[in-house]
Amino acid sequence: MELHRLGVKFFASDPASIHLEDLIPVFHGWIQRQVIPGHVLIDVHDYSHIQNGPGILLVAHEGNFSLDMSDGRPGLFYYRKTPTALPATEHIAAIVKSAVQACALLEKDAKVAIKMDEGLVIANDRLEAPNDEATLAELKPAVAAALQQVFPGAAFNLSRANSDPKERLAITVQRV
Amino acid sequence: MPTWKEKLAGRMDPQIAEEVDVFETQIALRKAGKMDEKVFAETRLRRGCYGQRYDNGHRHDGVRTQQLEFPSDLTKGPETFWDAPGMQRIKIPFGGLNPDQLDTLAELAEEYSDGILHVTTRQDFQLHYVHIEDTPNIMRRLAAVGITTREACGNSVRNVTACPIAGVCRSESFDVTPYAKAAAKFMLGHPDAQGFGRKFKIAFSGCREEACGLTSLHDVGCIAATRSENGNEKRGFEVYVGGGLGAVPQQAKLMNDFVAEDELLPLIQSIGRVFARLGEKKNRAAARLKFLITKLGLDEFRRLVDEERKILPADSRWSSYIPDVARYQESPKHGPTHLNGQQRPEGFEKWHLTNVYRQRQEGYAAAAITLPLGDLTAAQARQVANLARRFTGDNLRTTVEQNILLRWVSEADLPDLYRELGRAGLGEPGAGTILDVVACPGTDTCKLGIASSRGLAGEIRSRLSERLFALDESVRNLHIKISGCFNSCGQHHIADLGFYGTSRTIANRKIPHFQVVLGGKWQDNAGAYGLAIGTVPSKRVPDVIDSITARYVRERKGTETFQAFIKRIGKQECRAMIEPFMEVPAYEKDRSIYSDWGDPREFTIGDMGVGECAGEVISVSQFDLADAERLVFDAQLQLEHENYTQADSLAYRAMTQAAMALVKTQFIDVGDNADVIVAEFRSRFFDTGLLGDRYAGNKFAEYLFRRHDSPPQEHTIDQAHRIIEEAQLFIEATYACHDSLAERGARGMVVAPVHSGKAAGKL
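Residues numbered from 1 in each chain as written. Chains lettered and ligands numbered in written order. Predicted model: local features only at pLDDT ≥ 70, side-chain atom pairs only at ≥ 80, totals over all residues. Heavy atoms only, no water.

A short note on the pattern of salt bridges
All names here are of chain B.
Consideration 1: Evaluation of the coordinates by the stated rule reveals 69 salt bridges over all chains.
Consideration 2: Across the pair Arg360 and Glu172 runs a salt bridge, and its minimum N-O distance is 2.7 Å. Here Glu172 lies in the loop between β10 (161-162) and α6 (177-187) and Arg360 lies in the loop between β15 (356-358) and β16 (364-369), a separation of 188 residues in the sequence.
Consideration 3: For Arg360, a relative accessible area of 44% corresponds to the partly exposed category.
Consideration 4: Looking at Glu172, the relative accessible area reads 11%, which means it is buried.
Consideration 5: One salt bridge in this structure joins Arg509 and Glu602, with 3.6 Å as the shortest N-O distance. One end of the pair, Arg509, is in strand β23 (residues 509-518); the other, Glu602, is in strand β26 (residues 599-602), and 93 residues separate them in sequence. (Salt bridge = Lys/Arg side-chain N within 4 Å of Asp/Glu carboxyl O. Helix = DSSP H or I, 4+ residues; strand = E, 2+ residues; numbered from the N terminus. Buried < 20%, exposed > 50% of the residue type's maximum accessible area, 1.4 Å probe, protein only.)

Remarks on the side chain of Thr148 of chain B
Consideration 1: Inspection of the secondary structure assignment puts Thr148 of chain B in the loop between α5 (135-143) and β10.
Consideration 2: Beyond its immediate stretch of four places on either side in the chain, Thr148 of chain B contacts Ile16, Lys91 and Leu188 of chain B. (Contact = heavy atoms within 4.5 Å.)

A word on helix α3 (residues 37-45) of chain B
Residues and elements named next belong to chain B.
Consideration 1: Considered for burial, the residues of α3 that qualify are Phe40, Ala41, Thr43 and Arg44. Each buried residue of α3 sits inside an arc of 165° when the element is viewed along its axis, so together they form one side.
Consideration 2: Packed against the buried residues of α3 are α2 (14-31), β1 (49-50), β4 (75-77) and β5 (80-81).
Consideration 3: The backbone nitrogen of Lys38 has a side-chain oxygen 2.9 Å away, supplied by the residue at the start of α3, namely Asp36. (Arc of directions from axis to C-beta. Polar contact = N/O pair within 3.5 Å; in protein donor to acceptor, adjacent residues only side chain to side chain.)

A look at the nonpolar core
Residues and elements named next belong to chain B.
Consideration 1: Among the nonpolar cores identified, the biggest contains 60 residues, and Leu102, Leu117, Phe125, Trp351, Val384, Leu414 and Leu417 are the most heavily contacted of them.
Consideration 2: For this core, the leading source of residues is helix α13 (residues 378-391), giving 7 residues.
Consideration 3: In contact with Trp351, other than residues within four places in its own chain, are Val356, Ala367, Ala368, Leu414, Leu417, Tyr418, Leu421, Gly427, Glu428 and Pro429. (Core = buried A, V, L, I, M, F, W, Y, C linked by side-chain atoms within 4.5 Å.)

Overview of the pairing of strand β6 (residues 86-90) of chain B
Residues and elements named next belong to chain B.
Consideration 1: In terms of burial, β6 is largely enclosed, as 5 of its 5 residues are buried.
Consideration 2: The pairing of β1 with β6 spans 2 bridges and is antiparallel. Looking across to β6, one finds that Tyr50 is bridged to Met87.
Consideration 3: As paired elements, β6 and strand β9 (residues 125-130) share 4 bridges and run antiparallel to each other. (Pairing = 2+ DSSP bridges.)

Details of the sheet that holds strand β2 (residues 41-47) of chain A
All names here are of chain A.
Consideration 1: Strand order in the open sheet made by the 8 strands is β2-β3-β4-β5-β1-β6-β8-β7, with antiparallel pairing throughout. The open sheet is flanked by β2 and β7 (156-160), the only strands paired with a single partner. Put simply, the sheet's adjacent strands are angled 20° from each other on average, direction ignored.
Consideration 2: Pairing of β7 with strand β8 (residues 169-175), which is carried by 5 bridges, proceeds in the antiparallel orientation. Looking across to β8, one finds that Phe156 is bridged to Arg175. (Axes fitted to C-alpha atoms, helices over the stretch in contact; angles between N-to-C directions.)

Concerning the pairing of β2 of chain A
All names here are of chain A.
Consideration 1: The buried fraction of β2 amounts to 6 of the 7 residues, a majority that puts the element mostly inside the structure.
Consideration 2: Judged from the 6 bridges that link them, β2 and strand β3 (residues 55-60) form a sheet pairing that is antiparallel. When the sheet's bridge partners are listed, Asp43 is paired in β3 with Val59.

Below you can see the structure in the form of structure tokens.
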């Protein structure tokens with residue numbers, strides 16, 4: 001499976017404390033300092049006017065970061081757009097690491113705490129990864145191995161988040 | 001794993017599939033350095049692949065201009081890095097789409113963009129932050145559901161637009177939908193439409209009076225008309241030509257008061273041929289059809305088109321679609337019903353008041369989905385597609401007000417539809433009201449944006465949303481439209497309250513401003529264009545709106561429209577209304593005004609400072625520039641009083657005054673002789689390229705030269721209106737040049753010596 005388009009979301013600990021507009025200067029600051037390794041940070045986009053939308057978006061050449069409001073559950077979302085030339089497990093691990101780095105920065109710069117015990121991995125490619133059990137079976141081991149690389153020793157439950165074939169394949173990750 | 005090309009084989013129109021393959025090859029050729037960047041740029045534009053802000057690799061981050069280190073040096077056009085994400089525009093002829101198409105658009109937004117679909121003021125969709133390598137698969141997936149991006153940008157026939165209520169409208173002559181569809185199909189890729197010097201826009205409207213088609217601002221505007229012949233009703237169109245907004249707006253002129261339906265396509269083709277043959281090719285600023293018609297005169301243009309029509313080789317497509325017109329119909333999902341005893345959810349009445357249009361067909365309604373700033377998420381798009389399947393059949397339209405319209409809703413279904421829209425976060429009322437602010441992308445993503453049109457629009461929306469229904473009804477139904485620059489993508493000229501972005505420099509700091517444009521007319525297919533009355537800082541615009549609308553409510557006479565009110569009180573009073581908001585506090589007192597809405601970066605370029613010598617000269621020049629602004633405003637007053645000769649003269653003086661202001665930065669003793677000023681300006685700022693910014697070039701200087709060299713033979717309202725617009729733009733350009741010189745001086749670069757000699761200082 002040649003799946004480089006992949007997203008990872010970690011959820012906010014205290015959604016009520018989030019004020020989207022406060023994130024705009026924070027993300028601009030990240031661009032000023034180009035603080036995320038391996039990423040050319042380009043611009044900030046305000047989508048706070050849309051219910052359950054991408055919230056505040058930080059656009060990079062390699063992928064987009066956002067304080068995402070999808071499904072009414074705020075969290076740090078990172079979508080990888082470009083390949084990394086790494087094997088599948090390492091590619092996924094690199095994506096998770098980028099998301100974790102962004103979460104740490106968010107907590108430090110914006111005082112937005114992100115939980116690391118629950119997440120979502122989204123295969124953002126309906127051709128390579130249709131939303132079915134066969135794809136889940138194929139992808140799950142790579143995701144599990146990648147999580148082990150990023151969180152050594154931790155155990156996770158992985159399950160399919162929804163079965164609507166129009167939706168992308170999404171895997172719910174629960175720490176046990 | 002199959003590729004999209006393999007998976008979708010047989011589901012795409014073979015010609016479009018081949019075109020996408022060719023484009024994919026062109027991408028590969030450009031990557032291999034075997035295709036010129038300029039050629040590739042026009043190639044991708046004709047496929048709807050547009051550049052975005054910062055794709056030149058430069059970005060001011062609030063502290064300094066930063067070089068964005070994209071992975072490769074490859075470009076996809078002049079000063080446009082290959083790896084910089086761009087915009088993909090997607091044509092939706094007459095705004096019509098079905099649920100499957102909307103589902104596909106949602107998938108593309110998620111997989112290749114930022115999860116957002118943006119509806120434009122010309123019924124297109126746009127995806128932002130798209131990588132060029134992904135565009136062939138985007139195009140294939142669209143082609144598989146019958147959508148093409150071909151000629152969505154570039155010097156081509158752009159999306160053919162039409163009233164979104166065509167076919168269900170209570171006041172139309174007939175449904176223009178099948179005609180708009182036929183025109184779009186006929187002109188797509190037509191050999192006679194490949195040699196244009198600029199874009200070419202066509203619009204259809206079912207009636208003259210409403211705004212929906214906006215035919216007056218199009219190159220070709222077609223308004224449905226009928227005529228009785230031998231007792232039979234014959235269908236045709238009033239055809240208007242040469243309209244356009246942009247920097248210098250012009251109203252389209254009536255070219256033919258009745259073109260029979262079977263003559264419509266050959267007429268459009270003939271117009272295209274004349275435009276391709278005689279239209280300007282080198283100077284983009286004068287290349288739209290409106291300039292050709294102004295140059296030739298309408299009668300001569302009409303004669304040339306008629307001559308072209310006579311020699312056109314016959315084409316069966318001109319009339320082959322007409323038998324299908326009578327059969328064209330949309331099938332509603334449910335039978336007609338009425339809103340009788342249904343339980344109405346909270347908020348329904350307000351939504352119904354502003355968002356529901358009672359169709360001509362008894363028992364049906366068209367429901368507008370208000371999209372804030374024209375945006376919806378991929379998830380929302382899927383929900384809308386499902387609602388269309390459930391309530392309306394296949395009947396969706398995008399609108400020029402950046403909304404989506406669900407047609408053929410059985411009236412008794414409206415409460416359920418409203419509940420479902422609310423669950424999707426799309427149940428907001430206010431469609432077509434003052435809350436429904438239209439804005440172009442502005443500085444968010446557009447390379448040409450000067451100020452944040454979307455930021456301002458968002459702020460206005462948030463201030464008005466709570467009190468929309470507390471507003472006087474006369475104010476509630478006003479239109480606000482905002483452009484990020486003078487190019488008018490936000491259609492500010494036709495709003496009751498229009499704004500376009502600009503900047504001013506005070507005490508060596510830039511401040512985002514908006515020109516306030518009043519007097520535009522939305523109705524009558526964009527029946528009149530407003531004029532700028534002055535600039536206010538961006539952060540003051542919401543207060544300006546409150547002030548102007550409050551006065552309108554206080555002083556309105558009977559049922560006086562806003563446009564009539566503005567005309568009655570006059571430009572002087574309009575100007576006086578905004579003057580209290582024009583003042584800019586010192587940076588030390590209020591820094592907020594030195595940044596734009598939704599963007600904390602200071603609205604400056606670099607660490608500015610001005611040397612004493614240059615500073616003195618700049619002060620003199622700023623004084624002259626302010627005087628030029630005053631003169632152009634006086635010209636507006638004369639226009640208002642129908643003194644067209646005076647208006648022209650003052651606008652011309654405003655231009656020479658602004659030119660003099662710049663010349664004085666190098667040659668302080670230039671004097672006030674217009675011939676000398678123009679000659680000095682030409683040699684010092686035009687020939688040297690010093691005036692032109694990278695996008696506008698020297699086009700604004702040509703307005704001055706044309707007026708100086710060829711004074712008008714007759715003075716008309718159109719001529720006076722145009723010269724005022726040109727003078728305003730010329731002054732904006734001189735301001736920009738002046739600021740640029742100041743910055744260069746501050747950075748220690750040689751600008752030019754201030755001297756009393758006459759030799760032009762080449763820079």
